Every structure is written in structure tokens, then in C-alpha cells.
Amino acid sequence: MRSRQTLLGDPEDGEAIDLQTRSYNVLDESTASTANLTSRQTRMTRFNMTRRKGWTAGGALLLVTLSIVAIVEIVHATSHTSGSTTVNLNDRSSLALADVCTTAYAVANLPANPTGITIDATSVTANAFTNVTVTDQEFFPNATFDYCNVTFSYSHVGKDDAVLLTIWFPTPSAFKSRWLSTGGGGLAINSGANSVPSGIIAGAAAGLTDGGFGGFAKQFDAVNLYSAGNANWDAVNMFGYQAQHELAVIGQAYTRTFFAMTNSSRLYSYYQGCSEGGREGWSQVQKYGAQFDGAAIGAPAFRYSFQQVNHLFPNVVEQTLDYFPSPCEFAQIVNQTLVACDPLDGKTDGVIARSDLCKLNFDMSTIVGTPYNCAAVTASAG
């Protein structure tokens, strides 16, 4: 399981999450394969892909991208009042972020409470960020964008709890009738500011949840037990599937009211997550098939008992044999695998898209004893 992607600044409860320069996982429509998503029913395709770049000893990089194709419908004439200004959302191209990114506007346009949930209007904050620039990131192109960060909490009826949500809304003129839910990594239920830019760049509102764990930076292992042998089943269920479902339900509804979408207007909804976030994604498409139009899911962290044993196995073997392969030896294994399996999908592009055919046609033991070269490096003292 991949290590947790950290939040930026570890904000306190209710505090807006700002964007700083970090590494992000993103839906990149300009480079990804196009998926024809013509119905509300989820269409899931899992790709196992191997890249020439990004391998480490004993590990592999699985990168999954999904191109989203959506028709932006024309919103019927609708207006909202923000302070003393009447905002006409029919002409979205004329709106500024300041027209909608106020606490008053965010509160006034909160969605109706879903069954069993009460949204706390007094917890709402709204903060505008402009000219945010991201560059030299591997998973999406360079971009500069504006967004409105809205953070609020909700509770479950009959329970003394609080679940925090943060939603980034794009500038109304950049909104393309899309919603993106994002997952976490490691034992974190969210990946902070590392994933939500995916939505903004694609013209989507994008959100994350703290799962009700007591803050965006708090992970599942901090709340899964009341005491030794006494499980916190509310936290288990929230981590397992419930929190992501509620994020999608509230986030989709809030996106519609925030941008004054009519009942006949289509909102295209998606999910993105890797590792633990990948497991969260599968929990959603398996339990709530109509919740998303598509999902980009990478390296889902399933079968924990087998997974953790496999994590330990390489280290145990190296210690037992007292042999520690060099990075260039692993690079040779990767390159030989690419040579054998890259073309099996009909295209030689540095990506192994047909791992099933690779397993059938390539016996990795055949490369044992193959010579390889390691580039000379200058030794350093200390």
C-alpha cells in the first residue's frame, strides 16, 4: 500500500486547504485515452500499465488515467443573490469568482439535507484563490487556474459526530458540468490538495472528506479502535465505503445548487483514487453503480493479509541471501519486460497495457543470467 499523501499545512478543523507546489494525481484529458461514457451506469476499465520511468527496486508504477468527454449543457436563465449583487448564472462567461465565492453565497446555496444527514450551515467557510500555477508535474499539464475553496461539516442524525468536507469549485465560466470525488492513500481517507486540482483543471468541482475522523490530517488507524479489542464500527464503515458515498451525494447536489443547474441539466460525475483511494473507488462502483459516469482507479489496496506479506517478502529474501540488487539490475528487468510485453497491445509506446498477455507470453525466469551494465558513479565519503 502506498504511503499517505500528506495534506498541505495540516489545517485545523474547518480551515480551508490551500494549494502549494506538490505532486498530484490528475485526470489529464489532453493525453489520456478517450472513454465513451454515454450512460449513467458506471463503466469501469482497469488498466495495468508499466512505464519506463518511475520504477524502484521491487516495485512498479501503475498509472491510470481516464479521459472525460462531456457535453456542457446550456443552463436555463437562473439568478442568485450574492450580498447586494444579483448573479445571473445563465451567462456564466460573465461571472467572476468573487460573485460566488463568499460565505453568504455558499451558505445560501447549500443543498437539501440528504436522508439521515444534517449539514451545519454555521460551519461553512469560502475562500477564493486566484492565479494558482502548477508546473512540471508528471500526471497533468502545466496549468494556471482560479478556484473557490468551500469547507463545511455535517452530522448523522442521532449521532454526536462531525464529518468535514472540502470542495473546490472552479470559476463559473470554467465550469463544465462535472463533479470529481477524490480518495486517499495509505490509511488516509483523503489525499488533501494532491488530487482535487484534477477536477479544477478538467472544469469540475472536486471534493474530499475527513471521514469524520476529527480533521483532514487524521488517519483511520487513529480512530479505528475505542480500546483494545473494541472496534469503532462507525469509523470502520466510514473508511470502508460510507464517507466516500456521502461525499459523492452531497458534492454532486452542492455542485448543482452552487452553479444553479436546472433539473434537466446533466452533471457528469467521476472518481479518482490510487492505492487506498483505489480501494475506496472500487467500494463505490461495486455498491453504488449509478453514482459515477466513470472512475480512474489505480493500484487498489485489496487483500491486506497477502499484500503486507508481499511487501515484506523482498526484504526478507535480500537479508536471507545477503544479496541486495542494484537499481540498474532492476532497471534491466523492467526493460526486458517492456521489450517482451510492450508490443502485445498492438502499440509500442513504453506502456504495458496487456498484463494478461504478458503473463501468458513472457517467462521472466528466461532473463536470469542476462548481462547488464551499471553506469559508473562517483563515490562520496560519509
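Here the structure is a predicted model, which is why all the values come from computation and not from measurement.

**Student:** Before we move on, could you go through helix H7 (residues 327–341) and cite the residues and values that matter?
**Tutor:** Each α-helix winds once per 3.6 residues, and so residues spaced three or four apart point in a common direction. Over its 15 residues, H7 runs 21 Å from end to end, which matches the ideal 21 Å to within 8%, given 1.5 Å per residue. Turning to H7, its buried residues number three or more, namely Glu329, Phe330, Gln332, Val334, Thr337, Leu338 and Cys341. In the core, the buried residues of H7 are packed alongside helix H6 (304–321) and helix H8 (355–361).

**Student:** Help me get a handle on the packing of helix H4 (residues 233–258) against helix H5 (residues 276–287), residues and values and all.
**Tutor:** Relative orientation of the contacting elements H4 and H5 amounts to 70°, with a least axis distance of 9 Å. Between H4 and H5, the angle is such that the two are roughly perpendicular. Read as a crossing pair, H4 and H5 show a hand that is right-handed. Contacts between H4 and H5 involve Phe239, Gly240, Tyr241, Gln244 and His245 from the first element and Glu276, Arg279, Glu280, Ser283, Gln284 and Lys287 from the second. Of the residues contributing to the contact of H4 with H5, the split by class is 2 nonpolar, 5 polar and 4 charged.

**Student:** Before we move on, can you summarise a nonpolar patch on the surface with the specific residues and values?
**Tutor:** Side chains of Leu321, Tyr323 and Tyr372 sit close together on the surface and give an oily, nonpolar patch of about 320 Å² of accessible area. Residue placement: Leu321 occurs in helix H6. The exposed category is assigned to Leu321, whose relative accessible area is 60%.

**Student:** Quick one: what's the story with H5, residue by residue and with numbers?
**Tutor:** The end-to-end C-alpha distance of H5 is 17 Å, a good match for the 16 Å that 12 residues give at a rise of 1.5 Å each. For H5, a buried count of 10 out of 12 residues is recorded, marking the element as mostly surrounded by other parts of the structure. Buried within H5 are the following residues: Glu276, Gly277, Gly278, Arg279, Glu280, Gly281, Trp282, Ser283, Gln284 and Val285. Where H5 is buried, its residues contact H4, strand S10 (268–274), strand S11 (294–298) and H6.

**Student:** Just give me the short version of the state of the cysteines, but keep the residues and values in it.
**Tutor:** Counted by the stated rule, this structure contains 3 disulfides. The disulfide partner of Cys328 is Cys374, and the gap between their sulfur atoms is 1.5 Å. Handedness of the Cys328-Cys374 disulfide follows from its S-S torsion of about 45°: it is right-handed. Linking Cys328 in helix H7 with Cys374 in the segment after H8, this pair joins segments that are 46 residues apart in sequence. With relative accessibility at 40%, the residue Cys374 sits in the partly exposed group. Across the protein, the disulfide pattern expressed with sequentially numbered bonded cysteines is 1-2, 3-6, 4-5.

**Student:** Let's hear about the nonpolar core: which residues, and what values?
**Tutor:** Among the nonpolar cores identified, the biggest contains 43 residues, and Val150, Phe152, Phe169, Tyr254 and Phe258 are the most heavily contacted of them. Ranked by the residues each element gives to this core, the list is headed by H4, at 9 residues. Counting 19 residues, the second-largest nonpolar core is a separate cluster that includes Phe140, Ala206, Tyr268 and Tyr270.

**Student:** Any details on the environment of Ser173? Residues and values, ideally.
**Tutor:** Note that Ser173 resides in the loop between strand S5 (163–170) and strand S6 (178–182). In sequence terms Ser173 and Ser94 are 79 residues apart; their C-alpha atoms lie 7.1 Å from each other.

**Student:** Kindly report on the sheet that holds strand S7 (residues 204–209), identifying the contributing residues and their values.
**Tutor:** Taken in spatial order, the 7 strands make up an open sheet running S3-S4-S5-S7-S6-S10-S11, and their pairing is mixed. In this open sheet, the two edge strands, each paired with only one partner strand, are strand S3 (117–134) and S11. In this sheet, adjacent strand axes meet at a mean angle of 20° when their direction is disregarded. Where S6 lies against S10, 5 bridges are found, and the strand directions are parallel. If you follow Ser181 over to S10, its bridge partner there is Tyr271.

**Student:** Tell me about the pairing of strand S4 (residues 143–156), and please be specific about residues and values.
**Tutor:** When you tally the buried positions in S4, you get 11 out of 14 residues, the bulk of the element. Where S3 lies against S4, 12 bridges are found, and the strand directions are antiparallel. Bridge assignment links Ala126 to a residue of S4, and that residue is Val150. Where S4 and S5 come together, 8 bridges link them in antiparallel fashion. Within S5, the residue paired with Phe152 across the bridge is Leu165. In this structure, the hairpin formed by S4 and S5 is closed by a connection of 6 residues, where Gly158 is found at a positive phi of approximately 85°.

**Student:** Could you give an account of the pattern of salt bridges, with specific residues and numbers?
**Tutor:** The tally for this structure, following the rule as stated, stands at 4 salt bridges. A salt bridge links Lys159 to Asp234, with the shortest nitrogen-to-oxygen separation between them at 3.0 Å. You can see Lys159 sitting in the loop between S4 and S5 and its partner Asp234 sitting in helix H4, a full 75 residues away along the chain. Take Asp234: its relative accessible area is 37%, and that puts it in the partly exposed class. A salt bridge links Arg266 to Asp293; the shortest N-O distance between them is 2.7 Å.

**Student:** With reference to specific residues and values, describe the confidence of the model for the protein.
**Tutor:** In this model, the protein carries an average pLDDT of 79, and 74% of its residues clear a pLDDT of 70 or more. Across residues 1–86 the pLDDT falls below 50, and counting only partners more than four positions away or on other chains, this stretch makes 244 contacts in the model.

**Student:** I'd like a rundown of the side chain of Ser181, residues and numbers included.
**Tutor:** For Ser181, the position within the fold is in strand S6. The exposure class of Ser181 is buried, given its relative accessible area of 0%.

Analysis parameters
- Residues numbered from 1 in each chain as written.
- Predicted model: local features only at pLDDT ≥ 70, side-chain atom pairs only at ≥ 80, totals over all residues.
- Heavy atoms only, no water.
- Helix = DSSP H or I, 4+ residues; strand = E, 2+ residues; numbered from the N terminus.
- Expected span 1.5 Å × (residues − 1).
- Buried < 20%, exposed > 50% of the residue type's maximum accessible area, 1.4 Å probe, protein only.
- Contact = heavy atoms within 4.5 Å.
- Axes fitted to C-alpha atoms, helices over the stretch in contact; angles between N-to-C directions.
- Parallel < 35°, antiparallel > 145°, perpendicular 65-115°, else oblique.
- Left-handed = near helix turned anticlockwise from the far one by under 90°.
- Nonpolar A, V, L, I, M, F, W, Y, C, P; charged D, E, K, R; others polar.
- Patch = residues over 30% accessible without salt bridge, like charges linked within 9 Å, V, L, I, M, F, W, Y side chains within 5 Å.
- Areas by Shrake-Rupley, 256 points an atom, 1.4 Å probe, with all protein chains shown as cover.
- Salt bridge = Lys/Arg side-chain N within 4 Å of Asp/Glu carboxyl O.
- Disulfide = S-S within 2.5 Å.
- Core = buried A, V, L, I, M, F, W, Y, C linked by side-chain atoms within 4.5 Å.
- Pairing = 2+ DSSP bridges.
- pLDDT = per-residue confidence, 0-100.

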